[in-house]
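Architecture and fold: a report
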Amino acid sequence: FRVAQGVPKWGVELTPETLPAEALLDRRSVDFHKGCYVGQEVISRVQSVGRVNRQLVALAFGAGGVEPGWELRDSGGGLAGSVTSVARGEGGELLGLGFLKRGASPAVASPSGGGSENLLSPGVEIRDSPFTTHTL
């Protein structure tokens, strides 16, 4: 249910290295008008720049098995992002969450360390979910 809804999980999509804007938490969980707090400078810097270099996206995979830790590759084999969570949807489709680089367009998912030679890997599409929308 969590993956189908596009909700990030601590220890998976959310780590100490994840900026709130990367995981879309700035949309609902960050108050930009609150007083001082730990991490405020980083959050304010991201808001003033207006973008992050990667963003959480909901994914749908074609036939085949995909696992967390796999890479998202563009049509030329270049690294576009990574898969963080995978689960079966109610209709049996393989869904996932992952981080996508700004400006990238994923074509396939491949095991880590793969490249253009793995273009026969399962296809991947960005999908909409209640929590995520693709804006990079």
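Above this note sits the structure.
Please read all numbers here as calculations on a predicted model, not as lab measurements.

**Notes on the overall build of the protein**
A tally of regular secondary structure across the protein gives two helices and six strands. Helices and strands appear in the protein in the N-to-C order α-α-β-β-β-β-β-β. Against the 2.2 N^0.38 benchmark of 14 Å for 136 residues, the protein shows a C-alpha radius of gyration of 15 Å, consistent with a compact globule. For the protein, the spread of C-alpha atoms along the principal axes amounts to about 50 × 30 × 25 Å. When burial is assessed residue by residue, the protein has 38% of its 136 residues classed as buried. By sequence separation, contacts in the protein at least 24 residues apart represent 65% of the contacts at least 6 residues apart. For the protein, the exposed surface amounts to about 7,500 Å²; the carbon and sulfur share of it is 53%.

**As for the packing of aromatic side chains**
Any aromatic ring pair is given by two values, namely how distant the centres are and how the planes are angled relative to each other. Taken as a whole and assessed by the stated rule, the structure comprises zero aromatic pairs. The positively charged end of Arg 54 is found above the aromatic ring belonging to Phe 99, 4.0 Å away from the centroid.

**Details of the sheet that holds strand 2 (residues 71-73)**
A sheet is described by the order of its strands in space; here six strands give the open sequence 5-2-3-4-1-6, paired in antiparallel fashion. Every interior strand has two partners, whereas the edge strands, strand 5 (108-110) and strand 6 (124-127), have only one. Across the sheet, the axes of successive neighbouring strands diverge by a mean angle of 40 degrees, strand direction being ignored. By the bridge criterion, three bridges tie strand 2 to strand 5 in an arrangement that is antiparallel. Note that in strand 5 the partner of Glu 71 across the bridge is Ser 110.

**Notes on the nonpolar core**
Core analysis: the largest hydrophobic core is formed by 12 residues, namely Val 57, Leu 59, Phe 61, Val 66, Trp 70, Leu 72, Ala 80, Val 83, Leu 94, Leu 100, Ala 109 and Val 124. Of all the secondary-structure elements, those providing two or more residues to this core are strand 1 (54-61), strand 3 (79-88) and strand 4 (94-101). At three residues, strand 1 tops the list of elements feeding residues into this core. Leave out the neighbours within four places in its chain, and Leu 94 touches Leu 59, Ala 60, Phe 61, Gly 64, Gly 65, Val 66, Val 86, Ala 87 and Arg 88. Judged by nonpolar contacts, the second largest core, of eight residues, contains Leu 24, Leu 95, Phe 99 and Phe 131.

**A closer look at the side chain of Thr 18**
Summarising the element assignment, Thr 18 is placed in the loop between helix 1 (2-5) and helix 2 (40-49). Given a relative accessible area of 12%, Thr 18 falls into the buried group. Within polar-contact distance, the side chain of Thr 18 engages the backbone oxygen of Glu 13 at 3.2 Å. In contact with Thr 18, other than residues within four places in its own chain, are Glu 13, Ala 23, Arg 54 and Phe 99.

Cut-offs used in this document
- Residues numbered from 1 in each chain as written.
- Predicted model: local features only at pLDDT ≥ 70, side-chain atom pairs only at ≥ 80, totals over all residues.
- Heavy atoms only, no water.
- Helix = DSSP H or I, 4+ residues; strand = E, 2+ residues; numbered from the N terminus.
- Rg over C-alpha atoms; globule rule 2.2 N^0.38 Å.
- Buried < 20%, exposed > 50% of the residue type's maximum accessible area, 1.4 Å probe, protein only.
- Contact = heavy atoms within 4.5 Å.
- Areas by Shrake-Rupley, 256 points an atom, 1.4 Å probe, with all protein chains shown as cover.
- Phe/Tyr/Trp six-rings, centres within 6.5 Å; stacked < 30°, edge-to-face > 60°.
- Lys NZ or Arg CZ within 6 Å of the ring centre and 35° of its normal.
- Pairing = 2+ DSSP bridges.
- Axes fitted to C-alpha atoms, helices over the stretch in contact; angles between N-to-C directions.
- Core = buried A, V, L, I, M, F, W, Y, C linked by side-chain atoms within 4.5 Å.
- Polar contact = N/O pair within 3.5 Å; in protein donor to acceptor, adjacent residues only side chain to side chain.

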